[in-house]
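For reference, the chains in residue letters:
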Amino acid sequence: PTGIDESASSTVSISQNTPNPTNDYTFINYSVAKGEKAILRLYNNLGQLMYSENIDVNAKNYLLNTTNLAQGVYYYNIASGEKMSKSLRLTIVR
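Since the model is a prediction, treat every value here as computed from it, not as a measurement. Here, residues in each chain are numbered from 1, in the same order as that chain's written sequence. Two thresholds apply to this predicted model, a pLDDT of at least 70 for residue-level local features and 80 or more for giving and counting side-chain atom pairs, whereas whole-chain, interface and lining totals are computed over all residues. Only heavy atoms go into the side-chain values, all of them from the structure, while hydrogens and water stay out.

Enquirer: Explain the overall build of the chain to me, using residue names and the numbers behind them.
Expert: Per the convention used, a helix needs a DSSP run of H or I reaching at least four residues, while a strand needs a run of E reaching at least two, with both numbered from the N terminus. Assigned secondary structure in the chain consists of zero helices and eight strands. Taken from the N to the C terminus, the helices and strands of the chain come in the order β-β-β-β-β-β-β-β. Three exposure classes are used, based on accessible area relative to the maximum for each residue type with a 1.4 Å probe and protein chains only: buried under 20%, partly exposed in between, and exposed over 50%. By the burial criterion, 33% of the 94 residues in the chain qualify as buried. In the chain, the share of contacts with a sequence separation of at least 24, taken over all contacts with a separation of at least 6, comes to 60%. Looking at the chain as shown, the accessible area adds up to about 5400 Å², and 49% of this sits on carbon and sulfur atoms. Here, two residues are considered to be in contact whenever any of their heavy atoms come within 4.5 Å of each other. Per-residue and other accessible areas follow the Shrake-Rupley method at a 1.4 Å probe size, with only the shown protein chains counted as cover for residues.

If you want it as structure tokens, here you go:
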């Protein structure tokens, strides 16, 4: 998956997850303009959508449970309306 550079979007931003690599849970920090809805999407290294969830735009961070995902490299982004954050890499180790 490819993302739109954040400089083109002042309403959606995302930070690298921590910890990375992870083996069970990881935090993703983000910012979305007030009044917008947002979706977190996680893709495997083949570009297949593995996880998608509406997220609370007021929370500013998301706890992602990775225990049901296989070891490997994944990419995630946040979409809000017509805007999309850059895609970042998440690594799961077991």
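Past the structure itself, the notes keep going.
Enquirer: Describe the sheet that holds strand E2 (residues 25-32), naming the residues involved and giving the relevant values.
Expert: Two strands make a pair as long as DSSP finds a minimum of two bridges between them. The strand order E1-E2-E5 describes an open sheet built from three strands, whose pairing is antiparallel. Only two strands of the sheet have a single neighbouring strand rather than two, namely strand E1 (12-14) and strand E5 (61-65). Strand-to-strand, the axes of this sheet are offset by a mean angle of 30°, without reference to chain direction. When E2 meets E5, the two strands line up antiparallel, connected through five bridges. Of the residues in E5, the one forming a bridge with Asn 29 is Asn 61. To obtain an axis, a line is fitted to C-alpha atoms, over the contacting stretch when the element is a helix, and the angle between two such axes runs from 0 to 180 degrees between their N-to-C directions.

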